[in-house]
Number of protein chains: 2
Amino acid sequence: LASEATLGLIHYISLPRAHGKSFAHRSELKQAKRIVVKLGSAVVTRGDECGLALGRLASIVEQVAMLQNQGREMMIVTSGAVAFGKQRLRHEILLSQSVRQALHSGQNQLKDMSVPVLEARACAAAGQSGLMALYEAMFTQYSTCTAQILVTNLDFHDEQKRRNLNSTLYELLRMNIVPIINTNDAVVPPPVPNSDLQGVISIKDNDSLAARLAVEMKVDLLIALSDVEGLYDSPPSTDDAKLIDIFYPGDQQSITYGTKSRVGIGGMEAKVKAALWALQGGTSVVIANGTHPKVTGHVITDIVEGKKVGTFFSEVKPAGPTVEQQAEMARNSGRVLASLLPEQRGEIICCLAELLTEKKDEILSANKRDMEVATASGCFSQALINRLSLSTAKLNSLAIGLRQIAVSSRDSVGRVLRRTRVANNLELEQITVPIGVLLVIFESRPDCLPQVSALAIASGNALLLKGGKEASNTNKVLHQLTQEALSIHGVSDAIQLVSTREEVEDLCRLDKMIDLIIPRGSSELVRDIQRAAKGIPVLGHSEGVCHVYIDSSASIDKAIDIVRDSKCDYPAACNAMETLLIHRDLLRTPVFDQLIDMLRTEHVKIHAGPRFASYLTFSPSEVKSLRTEYGDLECCIEVVDTMQDAVDHIHKYGSSHTDVIVTENEETAEQFVQQVDSACVFWNCSTRFADGYRFGLGAEVGISTARIHARGPVGLEGLLTTKWVLRGEGHTVADFSEQGSMKYLHESIPVPQGSFT
Amino acid sequence: LASEATLGLIHYISLPRAHGKSFAHRSELKQAKRIVVKLGSAVVTRGDECGLALGRLASIVEQVAMLQNQGREMMIVTSGAVAFGKQRLRHEILLSQSVRQALHSGQNQLKDMSVPVLEARACAAAGQSGLMALYEAMFTQYSTCTAQILVTNLDFHDEQKRRNLNSTLYELLRMNIVPIINTNDAVVPPPVPNSDLQGVISIKDNDSLAARLAVEMKVDLLIALSDVEGLYDSPPSTDDAKLIDIFYPGDQQSITYGTKSRVGIGGMEAKVKAALWALQGGTSVVIANGTHPKVTGHVITDIVEGKKVGTFFSEVKPAGPTVEQQAEMARNSGRVLASLLPEQRGEIICCLAELLTEKKDEILSANKRDMEVATASGCFSQALINRLSLSTAKLNSLAIGLRQIAVSSRDSVGRVLRRTRVANNLELEQITVPIGVLLVIFESRPDCLPQVSALAIASGNALLLKGGKEASNTNKVLHQLTQEALSIHGVSDAIQLVSTREEVEDLCRLDKMIDLIIPRGSSELVRDIQRAAKGIPVLGHSEGVCHVYIDSSASIDKAIDIVRDSKCDYPAACNAMETLLIHRDLLRTPVFDQLIDMLRTEHVKIHAGPRFASYLTFSPSEVKSLRTEYGDLECCIEVVDTMQDAVDHIHKYGSSHTDVIVTENEETAEQFVQQVDSACVFWNCSTRFADGYRFGLGAEVGISTARIHARGPVGLEGLLTTKWVLRGEGHTVADFSEQGSMKYLHESIPVPQGSFT
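How each quantity is defined
- Residues numbered from 1 in each chain as written.
- Chains lettered and ligands numbered in written order.
- Predicted model: local features only at pLDDT ≥ 70, side-chain atom pairs only at ≥ 80, totals over all residues.
- Heavy atoms only, no water.
- Helix = DSSP H or I, 4+ residues; strand = E, 2+ residues; numbered from the N terminus.
- Buried < 20%, exposed > 50% of the residue type's maximum accessible area, 1.4 Å probe, protein only.
- Contact = heavy atoms within 4.5 Å.
- Salt bridge = Lys/Arg side-chain N within 4 Å of Asp/Glu carboxyl O.
- Least-squares fit on C-alpha atoms with pLDDT ≥ 70 in both.
- Phe/Tyr/Trp six-rings, centres within 6.5 Å; stacked < 30°, edge-to-face > 60°.
- Pairing = 2+ DSSP bridges.
- Expected span 1.5 Å × (residues − 1).
- Axes fitted to C-alpha atoms, helices over the stretch in contact; angles between N-to-C directions.
- Parallel < 35°, antiparallel > 145°, perpendicular 65-115°, else oblique.
- Left-handed = near helix turned anticlockwise from the far one by under 90°.
- Nonpolar A, V, L, I, M, F, W, Y, C, P; charged D, E, K, R; others polar.
- Polar contact = N/O pair within 3.5 Å; in protein donor to acceptor, adjacent residues only side chain to side chain.
- Arc of directions from axis to C-beta.
- Lys, Arg positive; Asp, Glu negative; His and termini not counted.
- Buried area = accessible area lost by both parts, 1.4 Å probe.

Draft legend 1. Just the overall build of chain A, in detail. Summing up its helical and strand segments, chain A has 28 helices and 24 strands in all. In chain A, buried positions account for 58% of the 757 residues. For chain A, long-range pairs separated by at least 24 residues make up 75% of all intrachain contacts whose partners lie at least 6 apart in sequence.

Right, dumping it as structure tokens:
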């Protein structure tokens, strides 16, 4: 009895809950100290091709060991002993039936032999040791000890047994050992086989065991993995089923459960019951798919890092809508926005412009709060603080820009691009329409918000805005003003501000809700988003390696002015020159000397291309790569023999952004312009003109180096797509068959400029 | 001695090479019967976050077991014992230093403690048993036995030892046991630690051991996995480094090796030497990355299935160029094609049209061969055979279609879309240019080839064609004729026929070489390609759930004609009606009865939507999903209360392809047309008009349900993008600053219709 007290009650009291109560938001799950990972039998035993899920199990062990090494206390509730035992017993029986035959056959014929019917409890007994041996072999690779705990539900009903169990588990956790818990299937009543799981005898799911244990052990987070993505609001096979991201106990009546689940005997309703029970006991719960090959690699660590995986059970319902609801509201309201008259959209934008000056005190005071926090945190550069800061002057010029967008908005949605008389009384029109729902992700600069909002309003698109955390106060006020402006025509929901807590990566996966993503920020941001966006097009460019080629017939003055402007006007811009290509004949001429002198005067660091370096006795540092975007007062110089060589160099090392020829020879220039396959090709002017405003496109949406849709500087047109409208009088294609009465005319009907439907 | 003979020489002779000589092409690797998988130390021990690569190892075991279960003979040459031992010994030493401290700390502090310097041979001895235990625990899950074989290079030099080793291995393979072979590091000279591999003591790489063993054991395929993608033609860090897909011994001089490789001591040069040695001995070799997280899951089975993974070593150099070389040739030749005059491109197309009739005997005889093979194989449906078959009539109408494309080609490349006077003497033009390199993947129908070729020529695009195997003879002849036509203007390489052996999935990954993929075939093909295409846009649509809505004010005659035409004209087409929406007021009226009668007469099977079913006493079968594309004489009928309900239904369940309203009320019609957010929205005409030819777009490229670039039926325009050309006289943006001398004018200059640069 004394030893029991030492091992049991003392620790029972001395180890309280690590966190205290369930977490309100996924982002808080990082703080979970004590975690139970529950593995359904499908996770442990149902492999893709070989019958067993070894790779999956290894990955789970890897993640659990990693979290343990971070200082968390990890426990595993496992299923699968029955299936393991079945595999093993079947093998043994077949071997004893026909040892020689099996051993000497060239192929493994065990699979094809008739399988004896096995009793589940015997399988469990035979499988448990194999399962534990496997866990141990795997955890040993991470220098992590494991311990086996077999329990039955009765162990929780007897107070003494319960305390013994708890104190054992606490002691194991204190010793940095991972307890692996399973039901003692050898002594429980025989489970009912589930005919749905072919080839695997299902055992009673361990959901209630895991939930009970989680509450007893004051666990912070229970991760329940099975073979479903999570909880759906109606049976997943139905048309409208939606995966629930966060589930609140109050929402339970809104769920329709299917009559049958593929997972063990438990089914989803039992899982939810267990989860709610654990939640009430203070443990946060996530139900997720542990068998999905694409996410398996990180499903546990992803959940702990707060990513949107599976269904998160939370007691605290946040005030606002979820991002999915926001996207839905935006799409519906956006459709109304698209159906307004162009003048009405213009009115909204002008109203927003007015609000920017009218409510400037409110805006600037919110901005001041953001600036103070950012400055105090000490983790932002001065450049970033400058981008974050707003001023009366900035707001005024913002308002002017918005009024320009209002003007150009008149000529966007509903424009007739083409009109065709297909046949008598059958007329076709192609008209511009909004793309749908845009997601704009922008960093630090809060002036982005009204600008982008105005572009969306002008083009009739719905908009989800995701700004940086550092500008959250300013963005909030600016978004409120935008909604105020939208409300004058009853479409205030068309533009939604997404919570800063939402992960960009999660947003980029909402391919059913978002039609186009526009990143506004560093090329790193753009690259990250291009990588994360699955099935949603991204408008933007991640690099700009722009060239200026100085031809042998170049004017010296133009060459110097253009190179200076292209490199030095704003070296960080994507349309700044990165590589200067010089015709060989110019080497050791005054043109060349003056170019180099100018670059030295402007403090441009020069890197030499391999050919250029070979011409020099004392060469500057040779380039590492001819594909470098310096983004600073640096550039590469390379020598080419002919205009054709320059074109080849640009095709090989360029990014198809903007490339320039400087020459007085018109024929050479036109050949260059014709041949260079870039979004912008210029003759005798600076690369820096590659810009929507300078092109006169009005508002600039961005610059695209994609080859489809929009290319180069993109104006409002890049936010539009088209729709075909055909108006007939009962026409059928059968009328146009050989026996039919009608003939195709396909007459083009002229479209007056600025024609709207 | 007798037992030696029994165990050794007899089997040595009785088990010849399974295949005979090395394979000529990746697609033949499926036949490999005896396979060695060589795992470099990086594969076995370098994990992502935890230090060990457990998940990776499990996945490798899973694949090896799977291949073994297919009846192949699998061997593993493993590294990693030293690293395993190091991990284990460090743990032991630290434990013995401070057992209590380590056990009772809440966190795992082992990682932070100073690590004693360990001798590699001791580590190897300590690690080997752990490594084997792990392999055994893992293989046991697949009922697969393993055996440990430790060898040194000396074992190969002594004839008797060599025979003993061989006979042991043969005996193990005969007993369906997987031999796991490692160097006996405990007795070999101490290897030199490689400072490049932080934290892991590198051992001499097992490349030469694996190669030697492969030749001795007459192995068909050696898969050598390390942490590089394969063999590059120059050091992978340089600008132009390209991964070599297939390497021939004769190509060796074209390779530049880096001075140092990250993998063990061996480096790439040693790996290649070992691979070539094995190849000479008759074993095919693939060098690939076994650590890449995305491919790990299937790298071994992918290689055996013939997929383009890593570098394949082949003795037989195929006659033609690789697909990468084809893409390069196509792009270069395509740039010349794009620079031709529109009339010249038209001439090429007309020449091809002539060749189709001129060389019709040659075409039809090749087609006959394809038909015979297809018919004889017995695995093609009659429908497919029909699609495969060509006739004089088909060729004639094909030639007519081509001549139409030739006409429309005049108005494609180089068209000026916009002209702006940015400032004095600074003029901007936006002109149409080809997209670049297209990949068209088409099934069975060989008439696709000249059609698509003509579209590419008309739009100045380079083209890679990938046809079905069943039409290979026909496609070959048609492609030769296309090249003949292209040669009249010296651009015969612009269109390339890709070998039927190339996997579609591999082609869809060539994102640096292909700008747009166009699938022509079943919606299954389109879906597969959309899934496989990483970073390359796909033009097409995978589903068409088109609706016809019969409004309460519909004309009965129009309703019946339009529904009949929409459903029955060609039920398999994507623009056929799938769901008929009927206004509630029409139920139990003559309109309704006549509609149902007509559908019955036409043998259309009716499925009832849930609301429709609720109105009926004896309802037809209720739909499983309102989103079904039947593609046959079947449709769903659903009841809606208002036009607005119809719009909502279409938005919720439609695929944004083509939707129709039938009504005599113009206001209702215009609201429907305005609100429905689909590529094609029609009033009082059949869904079947959604087609490029019927729209009068000339040649049809396809139908797109994407929201960006092209939407709905796509003509030649969908194969074009734009380029911005700016012509100045030395203009810089600095000239336009506040202190500058210039002002932006942004005057639009009128563009005459059909204006070309």
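Moving on from the coordinates now.
Draft legend 2. Local environment of the pattern of salt bridges. Inspection of every chain in the model, using the stated rule, returns 80 salt bridges over all chains. The shortest N-O distance in the salt bridge between aspartate 302 of chain A and lysine 307 of chain A comes to 3.7 Å. For lysine 307 of chain A, a relative accessible area of 18% translates into the label buried. Each of the salt bridges in this network shares a partner with another, and the network as a whole consists of Arg331, Arg335 and Asp515 of chain A together with Asp677, Arg707 and Arg711 of chain B.

Draft legend 3. Looking closely at the relation of the copies chain B and chain A. When chain B is fitted to chain A, the best match, at an RMSD of 0.2 Å, comes from turning it 180° and sliding it 0.0 Å along the axis. Overall, the copies show the geometry of a two-fold rotation axis. Closest approach to the rotation axis within chain B is made by the C-alpha atom of histidine 709 of chain B, at a distance of 1.8 Å. In this assembly the copies share their binding face: 100% of the residues contributing to the interface of chain B also contribute to that of chain A.

Draft legend 4. Structural view of the packing of aromatic side chains. Considering all chains together, one arrives at 16 aromatic pairs over all chains under this definition. Residues phenylalanine 689 of chain A and phenylalanine 736 of chain B carry aromatic rings whose centres are separated by 5.7 Å and whose planes lie at 90° to one another, so their mutual orientation is edge-to-face. Residue phenylalanine 689 of chain A is found in the loop between strand E20 (680-685) and helix H28 (692-695), and its partner phenylalanine 736 of chain B is found in the loop between strand E23 (720-731) and strand E24 (747-748); the two belong to separate chains. Joined through ring pairs, the aromatic side chains of Phe689 and Tyr693 of chain A together with Phe736 and Tyr744 of chain B make up one cluster.

Draft legend 5. Inspection of the sheet that holds strand E19 (residues 658-662) of chain B at higher detail. Read from one edge to the other, the open sheet built from ten strands follows the order E24(A)-E9(A)-E10(A)-E23(A)-E20(B)-E19(B)-E15(B)-E16(B)-E18(B)-E17(B), with strand pairing classed as mixed. Every interior strand has two partners, whereas the edge strands, strand E24 (747-748) of chain A together with strand E17 (605-608) of chain B, have only one. With four bridges joining them, E17 of chain B and strand E18 (residues 634-640) of chain B adopt parallel strand pairing. Across the sheet, the residue bridging to alanine 608 of chain B is isoleucine 637 of chain B, located in E18 of chain B.

Draft legend 6. Quick look at the sheet that holds strand E17 (residues 605-608) of chain A. Read across the open sheet, the ten strands follow the order E17(A)-E18(A)-E16(A)-E15(A)-E19(A)-E20(A)-E23(B)-E10(B)-E9(B)-E24(B); overall the sheet is mixed. One side of each edge strand has no neighbouring strand; the edge strands of this open sheet are E17 of chain A together with E24 of chain B. Summarising the sheet, strand E15 (residues 546-550) of chain A and strand E16 (residues 577-583) of chain A pair through five bridges and their orientation is parallel. Counted as the bridge partner of isoleucine 550 of chain A is isoleucine 582 of chain A from E16 of chain A.

Draft legend 7. Quick look at the environment of glycine 80 of chain B. All names here are of chain B. Mapped onto the elements of the fold, glycine 80 is located in the loop between strand E2 (73-78) and helix H5 (81-97). Here glycine 80 falls in the buried class, since its relative accessible area comes to 2%. Placed 51 residues apart in sequence, glycine 80 and leucine 131 show a C-alpha to C-alpha distance of 7.8 Å.

Draft legend 8. Summary view of helix H11 (residues 267-280) of chain A. All names here are of chain A. Between the first and last C-alpha of H11 there are 20 Å, a value that for 14 residues agrees with the 20 Å anticipated at 1.5 Å per step. Of all the positions in H11, only Gly267, Met268, Lys271, Val272, Ala274, Ala275, Leu276, Ala278 and Leu279 are classed as buried. As for H11, its buried residues are in contact with strand E1 (34-39), helix H10 (207-216), strand E5 (221-226), strand E6 (246-247), strand E7 (284-289) and strand E8 (311-313). Residue glycine 282 follows H11 closely and has a positive phi angle near 100°.

Draft legend 9. Broad picture of the packing of helix H15 (residues 342-358) of chain B against helix H20 (residues 472-487) of chain B. Residue and element names in this part refer to chain B. Two numbers describe how H15 lies on H20: the axes approach to 8 Å, and their chain directions differ by 140°. By the criterion of interaxial angle, the relationship of H15 to H20 is oblique. As H15 runs across H20, the sense of the crossing is right-handed. Taken together, the residues of H20 that come into contact with H15 (itself represented by Ile348, Cys351, Leu352, Leu355 and Leu356) are Leu478, Leu481, Thr482, Glu484, Ala485 and Leu486. Partitioning the contact of H15 with H20 into residue classes produces nine nonpolar, one polar and one charged.

Draft legend 10. Structural detail: the side chain of threonine 301 of chain A. All names here are of chain A. Its place among the elements puts threonine 301 in helix H13 (residues 299-304). In terms of polar contacts, threonine 301 uses its side chain to reach the backbone carbonyl oxygen of histidine 298, at 3.2 Å. Not counting chain neighbours up to four residues away, the residues in contact with threonine 301 comprise Gln63, Met66 and Leu67.

Draft legend 11. Spatial organisation of helix H16 (residues 360-377) of chain B. Residues and elements named next belong to chain B. In this model H16 runs 26 Å from its N-terminal to its C-terminal C-alpha over 18 residues, within 8% of the 26 Å that 1.5 Å per residue would give. Taken as a whole, H16 has its buried residues at Ile363, Ala366, Asn367, Asp370 and Ala374. The buried residues of H16 all sit within an arc of 100° when viewed along its axis, so they share a single face. Opposite the buried face of H16, by more than 90 degrees, sit the exposed residues Asp361, Lys368, Thr375 and Ala376. Contact partners of the buried residues in H16: H15, helix H17 (382-388), helix H18 (392-408) and H20. Positive backbone phi, at 70°, marks glycine 378, one or two positions downstream of H16.

Draft legend 12. Seen up close, the side chain of arginine 694 of chain B. On the secondary structure map, arginine 694 of chain B appears in helix H28 (residues 692-695). Lacking a salt bridge, the buried arginine 694 of chain B has aspartate 691 of chain B as its closest oppositely charged neighbour, with an N-O distance of 4.5 Å. Setting aside anything within four residues of it in sequence, one finds arginine 694 of chain B in contact with Val422, Val733, Tyr744 and His746 of chain A together with Arg688 and Phe689 of chain B.

Draft legend 13. Quick look at the interface of chain B and chain A. Each partner contributes residues to the interface: chain B has 107 residues there, and chain A has 107 residues. Here chain B packs against chain A, burying approximately 9,400 Å² in sum over the two surfaces, 53% of which is carbon and sulfur. At the boundary of chain B with chain A, the tally comes to eight salt bridges. In this structure, the salt-bridge partner of arginine 707 of chain A is aspartate 515 of chain B, at a minimum N-O distance of 3.7 Å. Applying the counting criterion to the chain B and chain A interface returns 51 residue pairs in polar contact (both at pLDDT 80 or more). Per-element tally for the side of chain B that touches chain A: the top contributor is E23 of chain B, with eleven residues. Partitioning the side of chain B that touches chain A into residue classes produces 46 nonpolar, 35 polar and 26 charged. Note that strand E23 (residues 720-731) of chain A and strand E20 (residues 680-685) of chain B share five bridges and pair parallel. Considered in E20 of chain B, the bridge of arginine 727 of chain A is made with tryptophan 683 of chain B.

Draft legend 14. Structural view of unusual backbone geometry. Notably, asparagine 176 of chain A is not glycine yet its phi reads approximately 65°, a positive angle. Tracing the sequence through the fold places asparagine 176 of chain A in the loop between helix H9 (159-174) and strand E4 (178-183). For serine 656 of chain B, which is not glycine, the phi torsion reads 60° and is therefore positive. Inspection of the secondary structure assignment puts serine 656 of chain B in the loop between helix H26 (643-653) and E19.

Draft legend 15. Highlighting the pairing of strand E10 (residues 426-434) of chain B. All names here are of chain B. Among the nine residues of E10, eight are classified as buried, and the element is accordingly described as predominantly covered. Pairing between strand E9 (residues 416-423) and E10: six bridges, direction antiparallel. Bridge assignment links alanine 423 to a residue of E10, and that residue is leucine 426. Hairpin geometry of E9 and E10 is characterised by an intervening segment of two residues between the two adjacent antiparallel strands and by a positive phi of about 60° at asparagine 425. Bridge count between E10 and E23: eight bridges; the pairing is antiparallel. Paired with glutamate 429 across the bridge in E23 is valine 725.

Draft legend 16. Main features of the environment of valine 61 of chain B. Along the polypeptide, valine 61 of chain B turns up in helix H4 (residues 54-69). Under the relative-accessibility criterion, valine 61 of chain B is labelled buried at 0%. Considered as a pair, valine 61 of chain B and tyrosine 142 of chain B are 81 residues apart in the sequence and their alpha carbons are 9.0 Å apart. Apart from the residues within four sequence positions on either side, valine 61 of chain B is in contact with Leu54 of chain A together with Tyr135, Met138, Phe139 and Tyr142 of chain B.

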